[in-house]
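Tertiary structure, described
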Amino acid sequence: MRGTILVFVALLVVVCATEVNHCGTGEKFEDPNQVKITGCDVPPCKLKRRTKASVEQKFVPKQDVESLVNSVNAAVLGVPLPFVGVDGTSACDNIYNLDGTPAGCSLKKDIEYIYKREFPVLQIYPTISMVIHYALMEGNNTVACFEVPAKITN
C-alpha cells in the first residue's frame, strides 16, 4: 500500500500543470494544463544542475508549418542567454499528435499538437534566478511560446 501511494505521489509531481505566462505580456495562460514542466507547478521552477528537465506544451498553429526550431533562452539581468544544446535545434522530432503518435513536421493550421522535450540542466549553468523564454519558431514567426521564472540550483 505504501509503495502504491509513493508511486501515485510521484505521478502527481510529473503531470502537474505549470503556471506560465504568454511571451511578452506577462499574462497567465488561460488553460492551466497547456504547459507542464517536471517538478514545477508554481514558479519559480527549480532546475537542478546535472539533472534533466522535461517540458510539455500543447499548441495550435495559426498557419501551416513546415519546420520548427527551438528558441530557448534565459533572461539574466535583462540579457538573453541561449540554453546550450536546446536553443537553435530542430523541434520537429519532439512534436506529437494528441493520441501520442509522432507528428513531426509539417503541421496543419488549427490542429492541436503536443511538444515534448527533455533537456539537460548543465553543470556550466550558473546558480541564479532568471526568466526562461521558450519558443517554437518557423523562421521569424513564433508558433508557440511561454515564459516562466526559474532558478538553477545545485
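Rules of the game
Residues numbered from 1 in each chain as written. Predicted model: local features only at pLDDT ≥ 70, side-chain atom pairs only at ≥ 80, totals over all residues. Heavy atoms only, no water. Helix = DSSP H or I, 4+ residues; strand = E, 2+ residues; numbered from the N terminus. Buried < 20%, exposed > 50% of the residue type's maximum accessible area, 1.4 Å probe, protein only. Contact = heavy atoms within 4.5 Å. Areas by Shrake-Rupley, 256 points an atom, 1.4 Å probe, with all protein chains shown as cover. pLDDT = per-residue confidence, 0-100. Phe/Tyr/Trp six-rings, centres within 6.5 Å; stacked < 30°, edge-to-face > 60°. Lys NZ or Arg CZ within 6 Å of the ring centre and 35° of its normal.

Across its full length, the chain carries one helix and nine strands. Across the chain, helices and strands are ordered from the amino to the carboxyl terminus as α-β-β-β-β-β-β-β-β-β. Across the 154 residues of the chain, 36% fall into the buried class. Taking as baseline every contact in the chain between residues at least 6 positions apart, the subset at least 24 positions apart corresponds to 60%. Summed over its atoms, the accessible surface of the chain is roughly 8,800 Å², and 57% of this surface lies on carbon and sulfur atoms.

As a note on interpretation, predicted positions should not be read in detail where pLDDT is low. Counting all residues, the mean pLDDT for the chain is 87, and 90% of those residues have values of 70 or more. Mean pLDDT values over the elements of the chain span from 37, in helix α1 (residues 2-15), up to 98, in strand β6 (residues 95-96).

Further remarks concern the environment of Val86. Looking at the element boundaries, Val86 is found in the loop between β5 (79-82) and β6. A C-alpha to C-alpha distance of 7.1 Å links Val86 and Phe119, two positions 33 residues apart in sequence. Each residue touching Val86, except ones within four places of it in the same chain, is listed here: Asn70, Val72, Arg117, Phe119 and Tyr134.

A word on the packing of aromatic side chains. The final tally for this structure, using the stated rule, is six aromatic pairs. Taking 6.4 Å as the distance between ring centres and 45° as the angle between the ring planes, the aromatic pair formed by Phe119 and Tyr134 counts as tilted. Within this pair, whereas Phe119 is found in strand β7 (residues 113-121), its partner Tyr134 is found in strand β8 (residues 129-138), the two being separated by 15 residues in sequence. Of the two residues, Phe119 and Tyr134, both sit in the buried class. Each residue in the set Phe83, Tyr115, Phe119, Tyr125, Tyr134 and Phe146 is aromatic and connected to the rest through ring pairs, giving one cluster. Just above the ring of Tyr96 sits the side chain of Lys116; from NZ or CZ to the centre is 5.3 Å.

A few words on the side chain of Asn70. Looking at where Asn70 falls in the secondary structure, it is placed in strand β4 (residues 69-76). When near neighbours in sequence (up to four residues on either side) are disregarded, Asn70 contacts Val86, Asp87, Gly88, Thr89, Ser90, Ala91, Tyr115, Arg117, Tyr134, Ala135 and Leu136.

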